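So you can see what is in the structure, the chains are spelled out below.
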Amino acid sequence: MEPYEILNHPLSRELLARDITRLAYVAKDGTPRNVPIAFTWNGTQIVMCTTKNAPKIPALRENPMVALTIDTEVHPPRILLLRGRAELDVVDGIPEEYLQMNGTYEMTAEQRVAWEAEVRSLYDGMVRIVVTPTWAKLIDFETTLPSAVEELVRQRAERQS
């Protein structure tokens, strides 16, 4: 199944509307990293924004291959797994996507104004990390399972027949 077939599934679209993904990449020292980061989905790409001095930026320049996880905290969990290549775009000012990423956080109007003022005073620019998914898997534990669990279910069915 193509990534965009999976990404167009209603549950995937629901997960893509969340605020936080977990970005996995390989650090400069060769060890894995997995960091929570705000994101937005523009219909074809995941867009994350970070500071120009973030340690992940040189690491992503060296090895742009990433994995992303977007999930829920309820039972059964809903999980969207993505893989792709990160493209880095250094921009002046605050990207509009960064301001959109925090849209579902519980923030009062006054908190939102204060947060945006702080962001604008702190950053003279940011790096947009743009990932076009090349692989996707949706796990809902009702119609789809992790591949290892699918294999166990298949083996059990074979034993019982």
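Scroll up to find the structure.
Residues numbered from 1 in each chain as written. Predicted model: local features only at pLDDT ≥ 70, side-chain atom pairs only at ≥ 80, totals over all residues. Heavy atoms only, no water.

1. Focus on the nonpolar core
Grouped together as the largest cluster of nonpolar side chains are 26 residues, with contacts concentrated most on I46, M48, I70, L80, L82 and V131. Elements represented by at least two residues in this core include exactly α1 (3-7), α2 (10-16), β1 (20-26), β4 (46-50), α3 (56-62), β5 (65-71), β6 (79-92) and β7 (125-139). Here this core gets 5 residues from one element, more than from any other, and that element is β7. Filtering out sequence-adjacent residues up to four positions away, V131 remains in contact with Q45, I46, M48, V66, L68, G84, R85 and A86. Core analysis: the next-biggest nonpolar cluster, separate from the first, contains 11 residues, V47, Y98, Y123 and V130 among them. (Core = buried A, V, L, I, M, F, W, Y, C linked by side-chain atoms within 4.5 Å. Buried < 20%, exposed > 50% of the residue type's maximum accessible area, 1.4 Å probe, protein only. Helix = DSSP H or I, 4+ residues; strand = E, 2+ residues; numbered from the N terminus. Contact = heavy atoms within 4.5 Å.)

2. Comments concerning the environment of A86
Along the chain, A86 turns up in strand β6. Residue A86 is classed as buried on the basis of its relative accessible area, which comes to 7%. A C-alpha to C-alpha distance of 5.0 Å links A86 and P64, two positions 22 residues apart in sequence. Discounting residues that sit within four places of it in the chain, A86 has contacts with L60, P64, V66, I129, V130 and V131.

3. So, the pairing of β6
Relative to β6, β5 runs antiparallel, the two sharing 7 bridges. Bridge pairing in β6 links M65 to R85. By the bridge criterion, 14 bridges tie β6 to β7 in an arrangement that is antiparallel. Along β7, the bridge assignment pairs L81 with K137. (Pairing = 2+ DSSP bridges.)

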